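Below, each chain spelled out in residue letters.
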Amino acid sequence: MNQNYKINISKNALKFINKQDNYQRKRILSAIYGLPKGDVKKLKGYEYYRLRVGDFRVIFTKNDKELVILVIDIGNRGQIYDNL
């Protein structure tokens, strides 16, 4: 895809990112700004997608018509799906 998406990050996601150490923060942000590429899967039964970044999962929505990605939440892989 040669399209440039506008990335919006929610307050919850930014809060999680800011709690991480410098290395993890860079990994997560690099993966987010690389969207829609990466280890992405659509979540069954939801309109959400997930991006895998090591043990973390980034939950986001994607609007292909307006080229906007909204990062909703980020968390550890075992706990992030409980909040959906």
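Please refer to the structure placed before this passage.
Below: a short report on this structure. (Residues numbered from 1 in each chain as written. Predicted model: local features only at pLDDT ≥ 70, side-chain atom pairs only at ≥ 80, totals over all residues. Heavy atoms only, no water.)

**Focus on the sheet that holds strand β4 (residues 56-63)**
Across a sheet, paired strands are connected by hydrogen bonds in the backbone, their directions being either parallel or antiparallel.
Point 1. Strand order in the open sheet formed by five strands is β1-β5-β4-β3-β2, with mixed pairing between adjacent strands. Because the sheet does not close on itself, it has two edges, and the strands there are β1 (6-9) and β2 (40-42). The average undirected angle you get between the axes of adjacent strands in this sheet is 30°.
Point 2. Alignment of β2 against strand β3 (residues 49-53), held across three bridges, turns out to be antiparallel. What sits directly across from Lys-42, in β3, is Tyr-49.
Point 3. Packing against the sheet, helix α1 (residues 11-19) makes contact with β1, β4 and β5 (68-76), and its axis sits at approximately 50° to β5. (Pairing = 2+ DSSP bridges. Helix = DSSP H or I, 4+ residues; strand = E, 2+ residues; numbered from the N terminus. Axes fitted to C-alpha atoms, helices over the stretch in contact; angles between N-to-C directions. Contact = heavy atoms within 4.5 Å.)

**Considerations on α1**
Point 1. Within the sequence span of α1, burial applies to Ala-13, Phe-16 and Ile-17. Each buried residue of α1 sits inside an arc of 100° when the element is viewed along its axis, so together they form one side. Exposed and oriented more than 90 degrees from the buried face of α1 are Lys-11, Asn-12, Lys-15, Asn-18 and Lys-19.
Point 2. Those residues of α1 hidden inside the fold are in contact with β1, α2 (22-33), β4 and β5. (Buried < 20%, exposed > 50% of the residue type's maximum accessible area, 1.4 Å probe, protein only. Arc of directions from axis to C-beta.)

**A few points about the nonpolar core**
The tendency in soluble globular proteins is for nonpolar side chains to be buried side by side.
Point 1. Residues Ile-28, Ile-32, Val-71 and Ile-74 are the most contacted members of the largest nonpolar core, which totals 19 residues.
Point 2. Elements with a minimum of two residues in this core: β1, α1, α2, β3, β4 and β5.
Point 3. Setting aside anything within four residues of it in sequence, one finds Ile-32 in contact with Ile-7, Ile-9, Ile-17, Leu-51, Val-58, Val-71 and Ile-74. (Core = buried A, V, L, I, M, F, W, Y, C linked by side-chain atoms within 4.5 Å.)

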